[in-house]
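# Report on the structure
Below are the chains, spelled out letter by letter.
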Amino acid sequence: MPEAVSAVIFDLDGTLIDSKDVMRNAYFTAYEEVVGDGAPPPFSEYCRYLGQSFPTIMRQMGLPMEMHAVFMRESVRNMRQVSLFEGVLPVLEELKRRKVPLAIATGKDHARAAALLKYLEVDRHFAMVVGCDDVPYQKPAPDMALSILCRLDLDPAETLFIGDAVADLACGRNAGVMTALAKWDRPAAEVLRHPADFHLEHPSDILSLLRKPQKCRLF
């Protein structure tokens, strides 16, 4: 039986922020400008690799690395179209009120992740942000989660990694922490089949997993 949760590591895209439209448009623009054959691969194929960095996804899809610069340009240009998922902000505020340590582990580079969190005015909630350029090996390797556990001195048995992709769940499991699948962005069937300790239908479900505060004994 999983332990109660005392700390939370969040993925970013598809978990805290709704960025799929921006991501899709940036991907198609990059493909059109660099490859330009008029028939971009299905976006669903790209989504199979979510949680990893864009260059890593390009390598796995056999697409030119030159797409990265265009993808970055379009992602930054349309950053203001990204929003928090409904229900995320009150949960972050409640977790902060309960003094639950929070961190981000994302396939985005650190600077872009930090800029998004600042724009959305939630950066103050997170003790640490780890991007794909902060560790030797990105998700599904455990490096991001292990870095957070070490820097914040967290107990792996009481730490929860929440994400919407196979790479997120594998990263958490490889680091020895509990894992939860965020289902509010409708993950694909293969993600739903991947092992996870919890399936969360709504961000507020996180609160039911928290360790209950110890009551003071009266003598």
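Here, every reference points to the structure presented above.
Bear in mind that the values here come from a model prediction, so they are computed numbers and not experimental data. (Residues numbered from 1 in each chain as written. Predicted model: local features only at pLDDT ≥ 70, side-chain atom pairs only at ≥ 80, totals over all residues. Heavy atoms only, no water.)

Time to look at the side chain of D13. One can find D13 in the loop between β1 (7-10) and β2 (17-18). Once residues within four sequence positions are removed from consideration, D13 is found in contact with S19, M23, T106, K108 and D164. (Helix = DSSP H or I, 4+ residues; strand = E, 2+ residues; numbered from the N terminus. Contact = heavy atoms within 4.5 Å.)

In this section: the sheet that holds strand β8 (residues 198-200). With respect to topology, 6 strands assemble into an open sheet ordered β5-β4-β1-β6-β7-β8, the strand pairing being parallel. The outermost strands of the open sheet, each flanked by one partner alone, are β5 (128-130) and β8. For this sheet, the mean angle separating the axes of adjacent strands, direction not counted, is 25°. Note that strand β7 (residues 178-182) and β8 share 3 bridges and pair parallel. The partner of L181 across the bridge, within β8, is H199. (Pairing = 2+ DSSP bridges. Axes fitted to C-alpha atoms, helices over the stretch in contact; angles between N-to-C directions.)

Moving on, we come to unusual backbone geometry. Going from K139 to P140, the amide bond is cis rather than trans, its omega being 15°. Mapped onto the elements of the fold, P140 is located in the loop between β5 and α7 (143-152). Positive phi outside glycine occurs at E121, with the angle close to 60°. Following the sequence through the fold, E121 ends up in the loop between α6 (110-119) and β5. A relative accessible area of 61% means that E121 is categorised as exposed. The phi angle at D153 is positive, at roughly 55°, despite the residue not being glycine. In this fold, D153 is placed in the loop between α7 and β6 (159-163). (Buried < 20%, exposed > 50% of the residue type's maximum accessible area, 1.4 Å probe, protein only.)

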